[in-house]
Structures are given as C-alpha cells and as structure tokens.
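The primary structure of each chain is shown beneath.
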Amino acid sequence: MSPPVPSDLGYVPPDGGWGWAVVFGASISVGFAYTFPKAFTIYFKELQAVYNISYSQIAWITSIMCATTYGGDGGWGWVVVFGAFISIGFAYAFPKGLAIFFKEIQDFFGTSYSEIAWVSSIMLATTYGAGPISSILVNRYGSRPVVIFGGLLCGIGMVSAAFCTSILQLYICVGFITGFGLALNLQPSVIIIGKYFVKRRPIANGLAMAGSPVMLCTLAPLNQFLFDNFGWRGSFLILGAILLNCCVAGALFRPIGAATASVKTQAVEEGKAAVKEEVTKDAMEMSSPMNIPTETKTEEEGGKDCCEKINQYLDFSLFKHRGFLIYLIGNVLMFLGFFAPIVFLAPYAKHIGIDEYSAAFLLSILAIVDMIARPTTGIIANSKWVRPRIQYFFSFSIAFNGTCHLLCPLASGYTGLVVYSIFFGLAFGMVCAMLFETLMDLVGAARFTSAVGLVTIAECCTILLGPPIGGTLIDTFGDYKYMFIKCGAVMVLAGTFLFIMNYYNYRMLAKEEKERKAKEEDPKSVRTENEGKNNWNKETAQDGPELEPLREELEGLKKDMNGTNEV
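Since this is a predicted model, take the numbers as computed values, not measurements.

Chemist: Before we move on, could you go through the environment of Ile380 and cite the residues and values that matter?
Modeler: With respect to the secondary-structure elements, Ile380 resides in helix H17 (residues 356–381). Considered as a pair, Ile380 and Phe393 are 13 residues apart in the sequence and their alpha carbons are 9.8 Å apart. Discounting residues that sit within four places of it in the chain, Ile380 has contacts with Val386 and Phe393.

Given below as structure tokens:
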C-alpha cells in the first residue's frame, strides 16, 4: 500500500471512500453547468419569433450566461466591476457633488469660503487617510463585508448631517463619518478588481473608475433639484438613503478562491514557525552552559511579533521600493491641486453671474467627458504600445490636467467655462483611469493591497489642505483665478517630476536586468557561490558533536518544508 501523500490541507485525503459519492455529485453539477447553456439554444427560434428580435439579440442570452458562469479574467468579474462602478462612483463623486449646497450652507451658517471648503476637504482626507484601516479590514474580513459596513456608515453620516446646527457638526457627520464610510467603499472595490482580472485589468479598472463621472453627472442636477424642492436638510436625508445602495454593491463582491488559499498558506506557515521555534529552543538549551534570564529577550520577541503582525497587513518594506517612492512623492504633490478646481467650479460660475442650473450643468459636462475618457484611457493603456511605458502616459495626464487649470482664468464667460469643463473632464478622466493601475504596475498585485493603504494615508494630508488653501486665496484676493493658477502650477510640477523620475527608474531597471543576466551567464560568479556554500558546510561540520542533534532536526525540517512545497 502506497504511503499517504503529504498535503497542505491540514489532513490526509482518504483518496476514495465517500470521495466517489462526491465525484457523482460533482458530475451532476458540472454537467448542468457546462451543457445547460448549449442545450438552451433549442428554444431560440421560438423565442425569436415571440419577441420579434434579431439573431444577435437572442444570442446574447447564451453569451451572458456563459460569461457569468466561466471565471478566469472575466465571468463574475464583470459583475464585480459593476459593483465597483457604484462604490467607486459614490466614493469619488459624492464629495464633489456636495459643492452644489456650499453657497446656501455658507449663507445659512455665516461662514467664509475657506471654512465651508473644510467640509469637502475633511471628507476627502478621511476617505484617503483611512486607507490603511480599510486595507487591514479587507485582508482580515474580505471586500464584501467591509463595503456593506461602509455603505451603512455613509447613510448614517448623511442622515445625521440633516439635523446639524453648526458647521462643526457638519465637519463630524459629513466629513468624518461619511468620509470613513466612503473609504470603506473605495479601497475594497479597487483591490477586488485586481483579484478577478490580470490581462484585462486596465480595461476593468477604466470601466470601474467610470463610475465617478457617471455618478457626478447624475448627482449634480439631482442635488440642485433636491435643494430646490426640499432644502439642504431634506436633501441630506434623501442622499443618506441613496448612499445605502453601496451595501447592494458590496453584496456583489463574491469572494474569490485566493482568500481560501491564503488561509491555508497561513496555517502551513504557522506550523513551520512552531517547528522552527522548538528547534531553536532546544539549541539554546544545549549550547548554553548555564540558565540565563530571558525576560528581556521575551519582551524583544513580543515587540517583534507585534511588528510582524502589523507587517502581515501593511507591507512597510515598500518604502524601500524605488518605483513606489517615486509614485508616492509625485501623487502627494499632485493632490495639492487635484480636487480644489472641482470643488470651486460651480461657486465660481455663480460668482461671475451664471444661474444655478447652468453652473450645476458645468459639472455634468465635466462628468460626461470624464465618463467617456476613463474607459477609453483604459483601452489605450492596455495596448501593447502604451502598457510597457504606462508611467509616462500617467505623467503626461497630470501635466495636461495642470495646463487646463492654468488656462482657466482666460475663460471669462459661460462658453469659456464650458470649453474648460470639457478639457478638464478629459484630463481628469485620464488621471483617474490610471491612478491605481500605475501603482499596481510598479508593485505587483501581491503587494497592491498594502501599497494602496500606505499611499492613501500619505496623500490625505495634501487632499485635506488643497481646497482650504484655495479658499484662503479666494478670501484674500477676492478672485478665483489665483486658486486655479496655484492648482495648475502644482500639477504641472508633479507631472514633470514623475516623468523625469520614471525615466530614471526605467533606466535603472534596465541596468539591473542587464547586470542580472550577465551574472547568470558568467560561470565564475556561479562557481564563487558554490564555493561559498561548500565553505559554509565545512565550518558547520567543525562546530563539534554537541550541535549534531540540532543539525539533524534542521535537516528533517528542510525535508518537510520541501515536501510541502512540492505538493
């Protein structure tokens, strides 16, 4: 009888017995899953005649059924993209859509431009600053429950804001509570797309990111309509109910198999760590001539364990990654001027005498162009010509965005603002479509969850300061053009920095790759490594007989680990 095959399942499979009954059940399930969509075509001719539709329309029934059934860079992934479309849409568009109420809330509480701008700033900063918390929760519980809980927080925050009696209470309800709820929608939605897609990831990200302009295009006129009919308090109550749809979007985030695999891997790693600890403990007892107090060592080990636990959820070694640091510095600088123009676009239009609905329509124009730009940018970024150098494309998009803001003061009338909104929407969509794709291109899918959390908490400082600095410039000079010039200059600087540093990074990567290949081809370096291993073996052989039991246990541990890895 052959020995049981080792497994990382935590048990030895019986390899028979009730397993054959499981095979019978699987044959039924798999049979229906594969054959039902094909056998269903028998009814197509009659359905086509009843509903008077074309061949291509009736063929969509089987196509949609097969696409939803089969996974692998698609399948249910497209349903996940739809859920992410809603979650990301609310997370990005909601803080901008609230700008419709700012003029009236400012008059109601008697506040300045900079004070009212803190509402959006705190919300955006909380959305980004809570990124590490969101990443830790996703690693611990998965995307689905985190997004559902975030949707509940958003609803509670906006309903509470309807009863606020001071601007400080609005900071808490709208800024912190709703902002934290949006953070629990944003990161999980971006992360789960990376788990469902590899080849078509830029396209999937572009489609999901298109949720922001679609929501903004819808929210801008909807908020104006709600305000005209219900006032800002009644509007906040209704918006709180609308945000509960994030819970429905989160329910679509079906966990994928990688989560279970990570649990198994963690169990195996814990088992290996326990064996290593026992071997090390025995070695200490054998090698030490006397008992030494280990209280200090225990405290140090406890500190190391704490750091290791934190590092399981957030990979701080990313701060040694050259590409990650370039991305981080460039984005922190960029966000100083990224959101302020959107926050003040509608108030600026009202300031120069444009009516309220026309001012709100500028946001709709921006959102419509943005909506087209994001998936289009995703398709372009996925092409074989752009994807290998996607960092350059991202740098150009940021600089183009800043150029639009620098030229905005030249637009004196409504026509000029419409032209500005079109180009701003195009540039904004290009940046947002590649914002997370470029990060994943640098650090890889495995470290992306930690990277998102670390990036967002670093970005939250400049996101928090951007709109209030713009509001302060408006209060000081009584003119909006200085705010647009500041934002444009900062973004052109950020785009230039990223372009130059990414050029340097690509050069260094090519040089390192060339050195690695040369080292692999050089037989001397391989011989030197082998000699080093042989010398180490000789040194260990001279350690004496007292460490022989430890060496035997370590050899056994290595064999067990190799056996596990082979399985």
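Chemist: Which residues make up the packing of helix H7 (residues 131–141) against helix H9 (residues 167–196), and what are the values?
Modeler: For any two helices packed against each other, one specifies the crossing angle of their axes together with the interaxial distance. Running from N to C, H7 and H9 point in directions that differ by 55°, and their axes come no closer than 9 Å. In terms of orientation, H7 lies oblique with respect to H9. Judged by the twist between their axes, the crossing of H7 over H9 is right-handed. Across the interface between the two elements, Gly131, Ile133, Ser134, Ser135, Leu137 and Val138 from H7 touch Phe180, Ala183, Leu184, Gln187, Pro188 and Ile191 from H9.

Chemist: Describe H9, naming the residues involved and giving the relevant values.
Modeler: Counted at 1.5 Å a residue, the expected span for H9 with its 30 residues is 44 Å, and the 42 Å between its end C-alpha atoms agrees. Bending of H9 peaks at approximately 30° at the position of Gly179. Of all 30 residues that make up H9, 23 are buried, and the element is covered over most of its length.

Chemist: Go over the side chain of Glu104 with me, naming the residues and quoting the values.
Modeler: Position of Glu104 among the secondary structure elements: in helix H5 (residues 102–109). For the buried residue Glu104, which engages in no salt bridge, the nearest side chain bearing the opposite charge is Lys350, 4.3 Å off. When residues no more than four places from it in sequence are discounted, the contact partners of Glu104 are Phe227, Lys350 and Glu356.

Chemist: Summarise the environment of Ile256; cite the residues concerned and give the values.
Modeler: Here Ile256 shows up in the loop between helix H12 (245–251) and helix H13 (258–287). Measuring from C-alpha to C-alpha, the distance between Ile256 and Ile192 comes to 8.8 Å, with 64 residues separating the pair along the chain. Leaving out residues up to four positions away in the same chain, Ile256 has contacts with Lys195 and Tyr196.

Chemist: So what about the packing of helix H4 (residues 76–97) against helix H6 (residues 113–129)? Which residues, and what values?
Modeler: The interhelical angle for the contact between H4 and H6, taken along N-to-C directions, is 165°, at an axis separation of 9 Å. As the angle between them shows, H4 and H6 are arranged roughly antiparallel. The interaxial crossing formed by H4 with H6 has left-handed handedness. Facing Tyr92, Phe94 and Pro95 of H4, the residues of H6 in contact are Ser120, Met123, Leu124 and Tyr128. When its residues are assigned to classes, the contact of H4 with H6 shows six nonpolar, one polar and no charged.

Chemist: Give me the pattern of salt bridges: which residues, what numbers.
Modeler: In total, this model carries five salt bridges according to the counting rule given. A salt bridge links Arg387 to Glu437; its shortest N-O distance comes to 4.0 Å. Highlighted residues: Arg387 in the loop between H17 and helix H18 (390–407) and Glu437 in helix H19 (residues 414–443), separated in sequence by 50 residues. For Glu437, a relative accessible area of 3% translates into the label buried. Notably, a salt bridge pairs Arg516 with Glu513, separated by 2.5 Å at the nearest N-O pair. Of the two residues, Arg516 and Glu513 are both situated in helix H21 (residues 481–521); the distance of three residues between them amounts to about one turn of the helix. On the basis of relative accessibility, which here comes to 40%, the residue Arg516 falls in the partly exposed class. Within this structure, Glu513, Arg516 and Glu520 form a network of salt bridges that share partners.

Chemist: Give a detailed account of the confidence of the model for the chain, specifying residues and quantitative values.
Modeler: Mean pLDDT for the chain: 75, with 71% of residues reaching 70 or above. Across the chain, the secondary-structure element scoring lowest on mean pLDDT is H13, at 47, and the one scoring highest is H18, at 92. pLDDT under 50 marks residues 258–268. Its contacts with residues more than four places away, or in other chains, come to four contacts. In this model residues 540–547 is a low-confidence stretch, pLDDT under 50, and it forms four contacts with partners more than four residues away in sequence or in other chains.

Chemist: How would you summarise empty space enclosed by the protein if you had to cite specific residues and measurements?
Modeler: Tallying each qualifying case throughout the model produces two cavities of 30 Å³ or more. Here the largest cavity is characterised by a volume of approximately 50 Å³. Along its surface, the largest cavity is lined by Phe102, Lys103, Gln106, Tyr113, Ile116, Phe344 and Pro347. Elements with a contribution of two residues or more to the lining of the largest cavity: H5, H6 and helix H16 (340–351). The element best represented in the lining of the largest cavity is H5, accounting for three residues.

Chemist: Account for the environment of Leu243, with residues named and values stated.
Modeler: Its place among the elements puts Leu243 in helix H11 (residues 211–243). Taking relative accessible area as the criterion, Leu243 reaches 0% and is therefore assigned buried.

Chemist: Break down the nonpolar core for me, citing the residues and quoting the values.
Modeler: In this structure, Leu98, Leu170 and Phe236 are the most contacted members of the largest nonpolar core, which totals 131 residues. When residues in this core are grouped by element, the largest group, 16 residues, is from H19. If we ignore the near neighbours within four places in the chain, the residues touching Phe236 are Leu98, Phe101, Ile105, Met158, Val159, Ala161, Ala162, Leu170 and Val174.

Chemist: Now, about the packing of aromatic side chains: what can you tell me, with residues and values included?
Modeler: Taken as a whole and judged by the stated rule, the model has 20 aromatic pairs. Look at Phe338 and Phe428: their rings are 4.7 Å apart centre to centre, the planes differ by 15°, and that puts the pair in the stacked class. You can see Phe338 sitting in the loop between helix H15 (322–334) and H16 and its partner Phe428 sitting in helix H19, a full 90 residues away along the chain. There is no split in this pair, since Phe338 and Phe428 are both buried. A ring pair is formed by Tyr392 and Tyr506, whose centres lie 5.2 Å apart and whose planes are at 65°; its orientation type is edge-to-face. In this pair, Tyr392 is assigned in helix H18 and Tyr506 in helix H21, connecting sequence segments 114 residues apart. Accessibility classification places Tyr392 together with Tyr506 in one group, the buried group.

Chemist: Which residues make up the side chain of Asn505, and what are the values?
Modeler: By the element assignment, Asn505 lies in helix H21. When sequence neighbours within four positions are dropped, the list of residues in contact with Asn505 reads Arg322, Gly323, Ile326 and Leu442.

The rules behind the values
- Residues numbered from 1 in each chain as written.
- Predicted model: local features only at pLDDT ≥ 70, side-chain atom pairs only at ≥ 80, totals over all residues.
- Heavy atoms only, no water.
- Helix = DSSP H or I, 4+ residues; strand = E, 2+ residues; numbered from the N terminus.
- Contact = heavy atoms within 4.5 Å.
- Axes fitted to C-alpha atoms, helices over the stretch in contact; angles between N-to-C directions.
- Parallel < 35°, antiparallel > 145°, perpendicular 65-115°, else oblique.
- Left-handed = near helix turned anticlockwise from the far one by under 90°.
- Expected span 1.5 Å × (residues − 1).
- Bend = angle between axes of the 7 residues up to and from the residue.
- Buried < 20%, exposed > 50% of the residue type's maximum accessible area, 1.4 Å probe, protein only.
- Lys, Arg positive; Asp, Glu negative; His and termini not counted.
- Salt bridge = Lys/Arg side-chain N within 4 Å of Asp/Glu carboxyl O.
- Nonpolar A, V, L, I, M, F, W, Y, C, P; charged D, E, K, R; others polar.
- pLDDT = per-residue confidence, 0-100.
- 1 Å grid on protein atoms, 1.4 Å probe; cavity = no way out; pocket = protein on both sides within 12 Å on 5 of 7 lines; lining within 4 Å.
- Points joined across faces, edges and corners; volume = space filled by probe spheres on them.
- Core = buried A, V, L, I, M, F, W, Y, C linked by side-chain atoms within 4.5 Å.
- Phe/Tyr/Trp six-rings, centres within 6.5 Å; stacked < 30°, edge-to-face > 60°.

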